[in-house]
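# Chains, contacts and geometry: an overview
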Amino acid sequence: MVKIDPLAAKLSSDAYLGFDFGNKKIGVAVGYAGSGIASPLQTIRSLNQVPDWNRIGQLIAEWRPAGLVVGISRQADGSDNVVTPRMQKFCRQLHGRYNLPVHQIDEALTTFAAKQMLFDELQLSATKLWAVQDQLAAQLILQSWFDR
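The following refers to the structure shown. Small disclaimer: the values here were computed from a predicted structure and weren't measured.

On to the nonpolar core, then. By size, the foremost hydrophobic cluster in this structure holds 20 residues, and its most contacted members are Leu17, Phe19, Ile56, Phe90 and Leu94. Breaking this core down by element, the ones donating at least two residues are β1 (15-21), β2 (25-32), α2 (53-63), β4 (67-72) and α3 (84-98). Element by element, the count of residues in this core is highest for α3, at five residues. Beyond its immediate stretch of four places on either side in the chain, Phe19 contacts Ile26, Gly27, Val28, Ile56, Leu68, Val69, Val70, Gly71, Phe90, Leu94, Ala138 and Ile141. If you look at the next biggest cluster of nonpolar residues, it comprises ten residues, including Tyr16, Ile105, Trp145 and Phe146.

Read from one edge of the open sheet, five strands run β3-β2-β1-β4-β5, paired in mixed fashion. Each of the sheet's edge strands pairs with one partner strand only, and the pair in question is β3 (37-45) and β5 (102-106). Across this sheet, the average inter-strand angle for adjacent strands is 25 degrees, counted without regard to direction. Sheet strands touched by α2: β1, β2, β3 and β4. Its angle to β3, the strand with the most contacts, is close to 150 degrees.

Further remarks concern α3. Given a rise of 1.5 Å per residue, 15 residues ought to cover 21 Å, and the 21 Å separating the end C-alpha atoms of α3 matches this to within 8%. Looking one or two residues beyond α3, the residue adopting positive phi is Asn99, at roughly 50 degrees.

What counts as what
Residues numbered from 1 in each chain as written. Predicted model: local features only at pLDDT ≥ 70, side-chain atom pairs only at ≥ 80, totals over all residues. Heavy atoms only, no water. Core = buried A, V, L, I, M, F, W, Y, C linked by side-chain atoms within 4.5 Å. Buried < 20%, exposed > 50% of the residue type's maximum accessible area, 1.4 Å probe, protein only. Helix = DSSP H or I, 4+ residues; strand = E, 2+ residues; numbered from the N terminus. Contact = heavy atoms within 4.5 Å. Pairing = 2+ DSSP bridges. Axes fitted to C-alpha atoms, helices over the stretch in contact; angles between N-to-C directions. Expected span 1.5 Å × (residues − 1).

Spatial relationships are all this shows, so hold off on functional conclusions.
What follows is the structure, given as structure tokens:
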């Protein structure tokens with residue numbers, strides 16, 4: 001039986017996880033650098049504005065990503081808004097907990113774009129929209145990172 005070095009497997013992975021951070025929910029997407037295609041994965045609920053680190057850890061163990069991509073919200077002029085420091089803290093925590101590269105990218109209204117796509121094109125109800133909009137926003141974040 002051949003043993004696979006988990007570190008070598010981790011380093012050879014071209015999977016990336018994308019995150020749309022929010023105080024109540026975090027959208028997660030997965031994609032592969034080789035194909036350059038991102039897909040929505042799931043929405044993780046936070047408890048008292050604390051991310052569900054157990055679930056995030058399970059996703060990282062399952063997908064063994066080469067890196068993580070987090071959308072960062074800013075004002076139109078590029079300055080920080082009220083949520084920016086929490087997003088940056090989330091990035092530091094991801095890096096500290098999982099020792100993976102964490103790439104930040106301007107999210108530029110991805111949640112709004114996701115809502116528009118889901119409501120206008122698929123005509124989802126508000127309840128269904130609330131359940132999936134964040135993972136679609138995470139897909140848009142990860143896809144834009146692949147595309148640049």
